[in-house]
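# Structural description and commentary
Read off the chains here:
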Amino acid sequence: MLGFKFVKFQPSEYVLKVKNGKVVREGVGLSFYYYVPTTSVIVVPVSSIDVPFMFEEITADYQTVTVQGQLTYRIVDYNKTTQILNYTYNLKKNTYLSDDPGKLAQRVINIAKVLTKKQLEQLPLRQAIQSSERLAKTITQEIERNAEIEKLGIELMGLSILAIVPNKETLRALEAQAREEILRSADNALYERRNASIEQERRVKENELNTEIAVETKKKQIRQTQLDSERFVKQKQNEMKEEQLSFDTALEEKKQELIGLTVANQKAEADAKAYELSAVMNSLQGVSPNVLQALTNVGMKPDKLIAIAFQELAENAGKIGQLNITPDLLQGIMAGSPGGAGSGAGAARGAGGR
């Protein structure tokens with residue numbers, strides 16, 4: 001009606017109503033009437049915007065890698081953004097009059113690309129492939145401090161690097177090298193396990209040998225102690241034997257001295273008896289044998305006298321004509337009676353007279 005129209009915007013849109021070059025109204029999700037010939041509308045998205053990216057860069061060792069990721073940003077200062085970029089909205093066609101809204105995302109990606117290139121140029125391929133998280137954190141900090149981002153009036157809400165992938169040939173080479181390293185590591189692990197087993201077996205054998213050596217040492221010490229004890233006992237026995245021999249020697253010497261004294265005493269006694277006998281013999285040299293025989297028979301027992309009488313008869317047997325020995329005489333001799341001895345002697349004398 002006469003150029004006036006009504007428009008309504010979503011809550012996710014920040015709207016600036018411009019009339020005759022001046023902002024007359026602004027806010028989120030506005031609805032209003034406007035006069036078409038003199039009114040312009042600027043619409044800026046309020047919600048966050050996700051922008052995926054993928055670009056190729058060169059690492060420090062001149063290897064090409066493809067960086068894949070996504071960044072999220074939102075407009076926080078609408079005045080700054082609309083002063084740099086054209087967000088004028090065509091209400092008839094429900095679209096922007098220019099392509100500046102799409103250029104904002106590209107500018108943010110370009111800033112991220114420059115910072116990513118700066119970081120990857122300092123890293124070799126292997127480190128670059130494994131530095132996704134660290135690279136995303138570094139680029140996020142750099143973007144937050146970037147002056148251009150501040151001028152655009154936007155805020156980076158997040159940046160994720162999903163993958164850093166080399167080209168196919170390089171990837172296959174890395175896979176082959178990694179495979180070889182894994183196989184080599186497996187071989188090394190096997191060798192280490194075998195070496196560990198051998199080392200453990202060596203330690204076990206060494207412990208066994210040490211145990212045997214310790215046991216033999218203990219046995220040697222025990223045997224040495226036994227030998228010392230036996231030597232001590234032998235020494236004591238030898239000392240006792242020596243003491244016994246010394247005692248026996250002293251005893252034999254005492255016996256020898258005693259025998260010498262006994263022999264000397266017996267010799268002295270024999271000399272005395274010989275002297276006595278010699279004196280007696282010297283005193284009897286002039287005495288008649290019959291007198292000596294008579295002196296000898298003095299005090300002699302009757303049976304011995306009878307024996308002497310028979311001896312004399314035997315010596316004078318040639319002179320005896322007849323000899324009568326009565327039973328009484330024999331009985332008296334056997335009994336050893338004094339009477340018998342007297343009657344025998346008388347019979348002997350009678351026989352001699354005849």
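Moving on, we come to the pairing of strand β5 (residues 39-45). Among the seven residues in β5, five count as buried, and that is most of the element. Relative to strand β8 (residues 88-90), β5 runs antiparallel, the two sharing two bridges. Bridge pairing links I42 to T88 in β8.

Once that is clear, we can look at the nonpolar core. Formed by 39 residues in total, the largest nonpolar core has its most connected members in L71, L104, I143, I154, L159 and I161. Considering every element that reaches this core, the biggest residue donor is helix α2 (residues 100-120), with eight residues. Non-local contacts of L104, meaning those with residues more than four positions away in its chain, are made with Y73, I75, T81, L85, Y87, L152 and I154. Formed by ten residues, the second largest nonpolar core is a distinct cluster that contains F9, V41, Y89 and L91.

The next thing to look at is the sheet that holds strand β7 (residues 64-75). Taken together, three strands build an open sheet; the order of strands is β6-β7-β10 and the sheet is antiparallel. Each end of this open sheet is capped by a strand with a single partner; those strands are β6 (49-58) and β10 (154-166). Across the sheet, the mean angle from the axis of one strand to that of its neighbour is 20°, orientation sign disregarded. With ten bridges joining them, β6 and β7 adopt antiparallel strand pairing. Directly across from P52, in β7, lies its bridge partner Q70. Sheet contacts for α2: β6, β7 and β10; angle to β6, the most-contacted strand, approximately 35°.

What follows covers the packing of aromatic side chains. Counting across every chain of the model gives nine aromatic pairs. Between the aromatic rings of Y14 and Y78, the centroid separation amounts to 4.0 Å while the plane-to-plane angle is 5°, which identifies the pairing as stacked. One end of the pair, Y14, is in strand β2 (residues 13-19); the other, Y78, is in helix α1 (residues 78-84), and 64 residues separate them in sequence. Across the pair, exposure class does not vary: Y14 and Y78 are buried alike. Put simply, the rings of F9, F32, Y34, Y87, Y89 and Y96 pair up and form one aromatic cluster.

Here we take up the sheet that holds strand β9 (residues 95-96). The antiparallel open sheet is built from five strands, whose spatial order is β3-β2-β5-β8-β9. The sheet terminates laterally at β3 (22-28) and β9, the two strands that pair on one side only. Two elements, β2 and β3, share six bridges in a ladder whose sense is antiparallel. Bridge pairing links V15 to G27 in β3.

Two residues of an α-helix separated by three or four positions point the same way, owing to the 3.6 residues in each turn. Compared with an ideal rise of 1.5 Å per residue, which puts 13 residues at 18 Å, helix α4 (residues 132-144) spans 18 Å between its outermost C-alpha atoms and is within 8% of the ideal. What α4 keeps buried is the set S132, L135, A136, I139, T140 and I143. Take α4 and look down its axis: the buried residues cluster within an arc of 135°, on one side only. Counted as exposed and oriented over 90 degrees from the buried face of α4: E133, K137 and E144. Those residues of α4 that are buried lie in contact with α2, α3 (125-129), α5 (147-152) and β10.

Moving on, we get to a nonpolar patch on the surface. A cluster of nonpolar side chains, namely L277, V280 and M281, defines an oily patch on the protein surface of about 280 Å² accessible area. Looking at the secondary structure, you find L277 in helix α6 (residues 168-283).

Direction vectors running N to C along α2 and α4 enclose 130°, while the axes themselves pass 10 Å from each other. One way to sum up the angle between α2 and α4 is to call them oblique. For the element pair α2 and α4, the recorded crossing hand is right-handed. Residues I111, A112, L115, T116, Q119 and L120 of α2 touch α4, and the partners they reach there are L135, T138, I139, E142 and I143.

Rules behind the numbers
- Residues numbered from 1 in each chain as written.
- Predicted model: local features only at pLDDT ≥ 70, side-chain atom pairs only at ≥ 80, totals over all residues.
- Heavy atoms only, no water.
- Buried < 20%, exposed > 50% of the residue type's maximum accessible area, 1.4 Å probe, protein only.
- Helix = DSSP H or I, 4+ residues; strand = E, 2+ residues; numbered from the N terminus.
- Pairing = 2+ DSSP bridges.
- Core = buried A, V, L, I, M, F, W, Y, C linked by side-chain atoms within 4.5 Å.
- Contact = heavy atoms within 4.5 Å.
- Axes fitted to C-alpha atoms, helices over the stretch in contact; angles between N-to-C directions.
- Phe/Tyr/Trp six-rings, centres within 6.5 Å; stacked < 30°, edge-to-face > 60°.
- Expected span 1.5 Å × (residues − 1).
- Arc of directions from axis to C-beta.
- Patch = residues over 30% accessible without salt bridge, like charges linked within 9 Å, V, L, I, M, F, W, Y side chains within 5 Å.
- Areas by Shrake-Rupley, 256 points an atom, 1.4 Å probe, with all protein chains shown as cover.
- Salt bridge = Lys/Arg side-chain N within 4 Å of Asp/Glu carboxyl O.
- Parallel < 35°, antiparallel > 145°, perpendicular 65-115°, else oblique.
- Left-handed = near helix turned anticlockwise from the far one by under 90°.

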